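So you can see what is in the structure, the chains are spelled out below.
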Amino acid sequence: MVQGSPAARPRPSRVVDTHQIGTEGMLVSLSADAAECRTLADVNGLVRIESLQADMELRREGRTGIHVTGTVRARITQTCVVTLDDFVTDLAEPVDVHFLPEREAAARAAEAARLAASPSDAGRVADDLPDAMVDGKIDLASVMAEFLALGLDPYPRKPGAAFVELAPAAGEPEVSPFAALARLKSERPN
């Protein structure tokens, strides 16, 4: 299900009301449809997303929190930064995220900012702040999209691809970039 107008480049949405999560937790499996895969491929600079799915477990944490764990799996086509060839790869990214109601999440973020500003408490700053649930709801498709993006290699290389620096031709001296710069500097009129 995609919400919004196509011009707004909608992202997938699968909203879960956290009030429906019992003490035993809740298992959720979701898959992106073809339109959602095209949108997420475009957003993430991918050639194509052939499949995208997530299996997640939602468990209550304390009185108001929700802990979401699971795995996002995708088959994607990327462009190699070395050869510029497209190649297919499989991605499996673990999901581990905590949610609190908006007010509590904002209070934690403010406390973390206060600690970060205080030199005596700088070591106590939490790296992993909880995400905010909105009106008691969590959008699991947004979680899926976020962990897809986190799992992508920003410099993808096709298996076996290696950057090979060209050596000077036989008989030519090897010139370092610094030597070339020094030569240009000495040739410049004063």
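As a reminder, the structure under discussion sits directly above these lines.
What counts and how
- Residues numbered from 1 in each chain as written.
- Predicted model: local features only at pLDDT ≥ 70, side-chain atom pairs only at ≥ 80, totals over all residues.
- Heavy atoms only, no water.
- Helix = DSSP H or I, 4+ residues; strand = E, 2+ residues; numbered from the N terminus.
- Buried < 20%, exposed > 50% of the residue type's maximum accessible area, 1.4 Å probe, protein only.
- Contact = heavy atoms within 4.5 Å.
- Areas by Shrake-Rupley, 256 points an atom, 1.4 Å probe, with all protein chains shown as cover.
- Polar contact = N/O pair within 3.5 Å; in protein donor to acceptor, adjacent residues only side chain to side chain.
- Core = buried A, V, L, I, M, F, W, Y, C linked by side-chain atoms within 4.5 Å.
- Pairing = 2+ DSSP bridges.
- Axes fitted to C-alpha atoms, helices over the stretch in contact; angles between N-to-C directions.

Peer 1: Teacher, can you tell me more about the overall build of the protein chain here?
Peer 2: Helix and strand counts for the protein chain come out as four helices and seven strands. Sequence-ordered secondary structure for the protein chain, helices as α and strands as β, is β-β-α-β-β-β-α-β-β-α-α. The buried share of the protein chain, reckoned over its 190 residues, is 29%. In the protein chain, once contacts between residues fewer than 6 apart in sequence are set aside, the share between residues at least 24 apart is 65%. Of the roughly 12400 Å² of accessible surface on the protein chain, a fraction of 53% belongs to carbon and sulfur atoms.

Peer 1: Would you explain helix α1 (residues 34–43) in this entry?
Peer 2: In an α-helix, one full turn covers 3.6 residues, which means residues spaced three or four apart are oriented alike. Within the sequence span of α1, burial applies to E36, C37, T39, L40 and A41. Buried residues belonging to α1 abut β2 (26–31), β3 (48–61) and α3 (140–151). Structurally, the start of α1 carries an N-cap: the backbone nitrogen of A35 is 3.1 Å from a side-chain oxygen of D33. At the C-terminal side of α1, G45 shows a positive phi close to 70°.

Peer 1: How should I be thinking about the nonpolar core in this particular structure?
Peer 2: Where a protein is soluble and globular, its nonpolar side chains tend to be buried together. L52 and L140 are the most contacted members of the largest nonpolar core, which totals 33 residues. When sequence neighbours within four positions are dropped, the list of residues in contact with L140 reads R14, V16, V28, L30, M56, L58 and V68.

Peer 1: What am I meant to see in the sheet that holds strand β5 (residues 86–101) here?
Peer 2: Whether parallel or antiparallel, the strands of a sheet pair through hydrogen bonds between backbone atoms. Ordered by their spatial adjacency, five strands build an open sheet running β2-β3-β4-β5-β6, and the pairing between neighbours is mixed. A single partner strand is all that each edge strand has here, and the edge strands are β2 and β6 (131–133). Averaged over neighbouring strand pairs, the angle between their axes works out to 25° when direction is ignored. Here β3 pairs with strand β4 (residues 65–79) via 13 bridges, running antiparallel. When the sheet's bridge partners are listed, R59 is paired in β4 with H67. The strands that α1 touches are β2 and β3; relative to β3, the one it contacts most, it runs at about 95°. Packed on one face of the sheet, helix α2 (residues 102–117) meets β5 and β6 and runs near 95° to β5.

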